[in-house]
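Okay, here's what each chain looks like letter by letter:
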Amino acid sequence: MKNLYQLLRAGRHLLAKGVKSFLIVGLLFFISLPSQDLLARGNMFQAGVVVTGSVTDEEGSAMPGVNILEKGTINGTVSDVNGSYRLTVSSANAVLVFSFVGAETKEVAVGGQSEISVSLAGSSETLAELVVIGYGTQKKSDVTGAISSLKRENFNNGVVTNPGQLLQGKVSGVNVTAASGEPGASQNVIIRGIGSLRSGTQPLYVVDGFLLDNSSQGIATNPLNFLNPNDIESIDVLKDASATAVYGARASNGVVVITTKKGKAGKTEMNFSASTAWSSMSNQIDVFSADEFRKQVVAEGGTLDDFGGNTNWQDELTQTGLSKQIDLSIGGAGTEKFSYYTSVGFQDQEGILKNSNLKRYSGKLNMNQKALNGRLNVDYNLTASHTQNLRPSITSTISDMLNLNPTVPAYTNGEPTSLITNALNPLKRYELYSDQAINNRILAIISPSIEILDGLVYKLNLGVDYSATTRDQQYKPFTSVINESNISDGSLSTLISGNTNQLVENTLNYNWRKDVHNFTLLAGHSYQKFLLEDREFSYRGFANNNIEPRYQDQTSSTVYPTSVDASAVKNELQSYFGRLNYTYDDKYMFTATLRADGSSKFGENNKYGYFPSLALGWNISNEDFMANSVFNNLKLRTSWGQTGNQEIPSKITKASYSENRLITGSQSLNTYPLDPDATAIGGYPYGIVFTRLANPNLQWEVSTQINAGIDFTIFDSQLSGSVDYFNKESSNILLEVTPADPVQPTATYWTNIRDMKIQNNGIELALDYNGRPRGDFSYNIGGNITYIQNKVVDSPYTVLTTGSAQGSGQTGATINGYINNEPIGAFYMFQFEGIGEDGLNIFKDINNDNATLDNDRSVVGSAIPKLIYAYHLNFKYKDFDLGFNFNGVAGNKIYNHTAMTLFTKAQLTKSNNTTDFAVQYPNEAISNANTVSTRYLENGSFLRLNNATLAYNLNSDKIGLSDAFQNIRLSVTGQNLFIITDYSGYDPEINTGSTSGGIQTFGIDYFTYPKARTFLIGLNVTF
């Protein structure tokens, strides 16, 4: 194995050095040839007439996967991802037959032509048959894996800042959860359950063939916010191992493939869109009003601090957020050999908390150039964005909204009312505190490909994703607040970060079709390098001169020393992969995939991981005995495969050391005096101690998945759907653990947990029904539902904490975790049974020993929903259309950490506001502890009207302005219009708990930024 690794490593360097020279020489050679010489060389491979061209649909979009056959022979080919083809026919009298499932079949006589391009008529359902797979596209009828494809016309509408919002509720088996209601908030995108302990549970994102890195971009919100959703053409979700194994080491959580818009052949199209939206808090928590507060504090025996006001702090600290977006795009094809798409966009989204804002300036350029009679094809792709993200102090603001005394007037003499000495009016905090991040990001890709022989295409994929962020968190000096020097003297923390992701891929694709046989072979090599750089500077003590600290000079002093932290991490990933697709008579399909991944994150003994998959498919509807069946399409699929997870910290397989020196006798025991008579610190030299032990045997996490599915279309293609059963098991689980033996050189070490497994299995169902049009009226109804069971097995630990409590007296107390033979994210706590005669908590005595101890904690539910569902209703009448999208979950719990922290009788008696939750037990003692228990555990199920859109399309032909524009679309959209839930917090779709030991948290609501209800008015004009 070691020799193999050395060979592969040497190969990597040779490839990295040689690929540029190979391409430059090869391309110059082909370009330098006269066209007639090139054709002559082409005919050396096969005598006859060479015909090239492209295939498009009625709208001018490229159609990959179209069969082009020389009539009366078995000589044929298939159009590529750009709709292009090249075929050598027997003579100038040949006839080409263009065919595609669901589209018209067209015959064209060659007649001496060397270039033939056609347009095939077909329905929108026909176009939906094309899906993006790893390193290519495929007709859905030929797909053996579990892939869901979402086109732009089916995206979620409204104020959308990233691709995850487009997906929510649209794809079975995919649970998209926003962490909060903040503009551009980060999201959890979970595909077919959680298969890892760590935060590396996000899918792999592939944008136009470039594999993104899920590492932080130095900005607190979603790293995918750099993509303008209006530039996205389609999103394909690869769910099972057959579909994802070609991406190997990063595909255990599924793959999301994002394809951006490209120019359409045959026309130039300009599109302008503009929208304005208003957002307000969708739900307020029912805290006491000022009058209720006065009564309750006295009734509970507290000391009332009455300042004579009547303030609703939830109103005072929120706003109606105004958002606007403007986009302009131009796309088309200047000639058959050149197409382009370019766009610019601006989005400005205000949050419902003040000083909460996301601005994005984006630009996009996609071009495709063909040469050498269609042999050479070059794709250029450039995405650039400038993002400004302004954030308030969210935790403090939410706490004040719910807890601040409502009798305090918001303002006194036009200024925020001064509170007690060591407290800050949150309205004043808005003036003093800011957290602003500015991110510049460029994704640049160039992909030249050349057809070496008929059907054999070499492609190079070169790309770089560069992100640079500057983030400033500051407090302006405010001397009225004492004992908090960061506020009274002012403070500034500046983070400068860079993230560089470079990709080089070489692939060979060979497509061979003869009679009833169709082979497609893929072989490839990939090398990807990542560099993350961070520098953080912390300052305290600024002049109170109305100049922001980030624009002031600050001199380090003994009282306020400047703190500097810096780090850099470099990772490399080298991969070799191959795939075989074989179809017999368009009925029987076989797919085999293998990828070998080598990662610098792993030790010398396990540098490479190997990830295979196999899949079978049967197009039953193409059998003769199905000729008169009710099924228009019926296909069976089954697959098995393995994928990996390398989302772990860098360098953890290598030993690490630190210096330590005895300062006082009680602080360190790591050094000893060289001179036994030493009386000064100079006699105690620095010592070297381990902070991390080397572990060259650390292995990849491996996810093994089986899938069985059925795709069907019936009733003259009115009803279509799919059913999938999946079983996914993760093993070799990676974790940082504490040694069992306390006598160890380090406090923790990284290891694979032997025998432990995380299991997810379930059933997915997706249905879509297109009703028969009745006059000017038509409709569409559809939806999806996923049932998931998950469990942790053979864990050697009592509980691996995924969520722990925060706050005075509670820090570190387990809320939920991974527990053997229990669901993922299992809540593990005391069962609350009421308040005793002594006014204190009564918890269930699980083991009947008449004592409440840690061993009385039990599993009381899971944060992960068992049921994920969504459905849509679309109606069209003449030029009007109306659409509704609903989504929901069931079977999960939420821990209301906000209620545990704030809504207690003790808080109320201190003249802090609460809800009636604090007084539901009249005999509860003020001293009663807010212990982690089911008292704060609530049902997390909900049904939400995610968005609804009413639109009117004004066709230019109807008003005689077809020369000026093609179409005008006016729309009104509502987002988060209502929700049905039993949860008492702001919103049940949350995840704001704190991680514990790097293990991801689930289902904890801790001062969550509230969700907004949004109304949007949009205009879209196509010229």
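Please refer to the structure placed before this passage.
What this report covers is the structure whose coordinates are included nearby.

About the cut-offs
By convention here, each chain's residues receive numbers from 1 onward along its written sequence. Only residues with pLDDT of at least 70 get local features here, since the model is predicted, and only at 80 or more are side-chain atom pairs given and counted; chain-wide, interface and lining totals rely on the full set of residues. Derived side-chain values reflect all non-hydrogen atoms in the structure, with water molecules and hydrogen atoms excluded from consideration. The rule for pairing is simple: two strands pair if DSSP sees at least two bridges between them. A run of H or I in DSSP counts as a helix once it spans at least four residues, and a run of E counts as a strand once it spans at least two, with each numbered from the N terminus. The angle between two axes is taken between their N-to-C directions and runs from 0 to 180 degrees, where each axis is a line fitted to C-alpha atoms and a helix contributes only its stretch in contact. Cavity: a set of points on a 1 Å grid over the protein atoms alone where a 1.4 Å probe fits but cannot get out. Pocket: an open set with protein on both sides within 12 Å along at least five of seven lines, its lining residues, like those of a cavity, having an atom within 4 Å of a point. Grid points are joined across faces, edges and corners, and a volume is the space filled by probe spheres set on the points. Basically, the charged four are Asp, Glu, Lys and Arg, the nonpolar ten are Ala, Val, Leu, Ile, Met, Phe, Trp, Tyr, Cys and Pro, and anything else, Gly included, counts as polar. Each residue gets one of three labels from its accessible area relative to the maximum for its type: buried under 20%, exposed over 50%, partly exposed in between, using a 1.4 Å probe on protein chains only. In this charge count, Lys and Arg are treated as positive and Asp and Glu as negative; neither His nor the chain ends contribute. A pairing counts as a salt bridge when a side-chain nitrogen of Lys or Arg comes within 4 Å of a carboxyl oxygen of Asp or Glu. What qualifies as a polar contact is a pair of N or O atoms within 3.5 Å, subject to a donor-acceptor requirement within protein and to the restriction that residues adjacent in sequence count only when both atoms come from side chains. Whether two residues are in contact is decided by their heavy atoms, any of which lying within 4.5 Å being enough. Put simply, two rings from Phe, Tyr or Trp (the six-membered ring, in Trp's case) pair if the centres are within 6.5 Å, and we call them stacked under 30 degrees between planes, edge-to-face over 60, tilted for the rest. Note on criteria: charge over ring means Lys NZ or Arg CZ within 6 Å of the ring centre, with the direction from the centre no more than 35 degrees off the ring normal. Working note: the arc is built from the helix axis to C-beta atom directions.

### Overview of the sheet that holds strand β3 (residues 76-78)
Taken in spatial order, the four strands of this open sheet run β3-β2-β5-β6, and their pairing is antiparallel. The sheet is open, and its two borders are formed by β3 and β6 (106-109), each paired with just one other strand. Direction aside, neighbouring strands of the sheet carry axes that sit 20° apart on average. In this structure, strand β5 (residues 95-99) lies alongside β6, joined through four bridges in antiparallel fashion. Bridge assignment links Phe98 to a residue of β6, and that residue is Lys106.

### Side note on empty space enclosed by the protein
Counted according to the given criterion, the structure contains nine cavities of 30 Å³ or more. What the largest cavity holds in volume is close to 550 Å³. Contributions of two or more residues to the lining of the largest cavity are made by β19 (338-350), β50 (942-955), β51 (967-981) and β53 (1012-1022). Per-element accounting of the lining of the largest cavity gives the leading share, three residues, to β50. Looking at the lining of the largest cavity residue by residue, the classes come out as eight nonpolar, 17 polar and five charged.

### Description of the side chain of Arg579
Its place among the elements puts Arg579 in strand β28 (residues 563-584). The charged side chain of Arg579 is buried without a salt bridge, its nearest counter-charge being Asp240 at 11 Å. Only 2.8 Å separates the side chain of Arg579 from the backbone oxygen of Gly134, close enough to count as a polar contact. Of note is the side chain of Arg579, whose polar atom sits 3.4 Å from the side chain of Asn581. Look past the residues within four positions of Arg579 in its chain and what remains in contact with it is Ile133, Gly134, Tyr135, Val246, Thr520, Leu521, Leu522, Thr591, Ala592 and Thr593.

### Section: the packing of aromatic side chains
Counting across every chain of the model gives 23 aromatic pairs. Ring plane angle 20° and centroid distance 6.4 Å describe the contact between Phe777 and Phe875, whose orientation is recorded as stacked. A residue pair is termed long-range when its members are at least 10 positions apart, and Phe777 in strand β39 (residues 777-793) and Phe875 in strand β46 (residues 867-877) qualify at 98 residues. According to the relative accessible area criterion, Phe777 is partly exposed, its value standing at 33%. Three or more aromatic residues link up through ring pairs in this structure, and these residues are Tyr769, Phe777, Tyr779 and Phe875. In this structure, Arg441 is placed above the aromatic ring of Phe226, and the distance from its NZ or CZ to the ring centre is 3.9 Å. Sitting above the plane of the Phe942 ring, Arg944 keeps its charged end 5.1 Å from the centroid.

### Here's the deal with the pairing of strand β17 (residues 269-281)
Bridge count for β17 against strand β18 (residues 321-335) is eleven bridges, and the pairing is antiparallel. Directly across from Ser273, in β18, lies its bridge partner Asp327. Where β17 lies against β53, eleven bridges are found, and the strand directions are antiparallel. Bridged to Ser279 within β53 is Thr1014.

### A closer look at the side chain of Thr244
Structurally, the position occupied by Thr244 is in helix α5 (residues 241-244). Here Thr244 is in contact with Leu238, Lys239, Ala251, Gly254, Val255 and Thr643, once residues within four sequence places are set aside.

### Here's the deal with the environment of Asn939
Relative to the helices and strands, Asn939 is located in strand β49 (residues 937-939). For Asn939, a relative accessible area of 32% translates into the label partly exposed. Sequence separation of Asn939 and Asp982 is 43 residues, and the distance between their C-alpha atoms is 6.3 Å. For Asn939, the contacting residues outside a window of four places in its chain are Asn892, Lys893, Asp982 and Tyr983. Polar side-chain contacts of Asn939 include one of 3.0 Å to the backbone nitrogen of Ser941.

### A few points about helix α6 (residues 290-299)
Taken as a whole, α6 has its buried residues at Ala290, Phe293, Arg294 and Val297. Considered in projection along α6, the buried side chains sweep an arc of 100° and stay on one side of the axis. Away from its buried face, by an angle of more than 90 degrees, α6 presents the exposed residues Lys295 and Ala299. The inward-facing, buried residues of α6 contact α12 (905-909). Residue Gly301 follows α6 closely and has a positive phi angle near 80°.

### A look at the sheet that holds strand β15 (residues 232-238)
With mixed pairing, the five strands of this open sheet are ordered in space as β10-β15-β16-β13-β14. Bordering the open sheet on either side are β10 (147-151) and β14 (210-211), each of which pairs with just one other strand. The sheet contact formed by strand β13 (residues 204-207) and β14 spans two bridges and is antiparallel. From the neighbouring strand, Val206 faces β14, where its bridge partner is Leu211.

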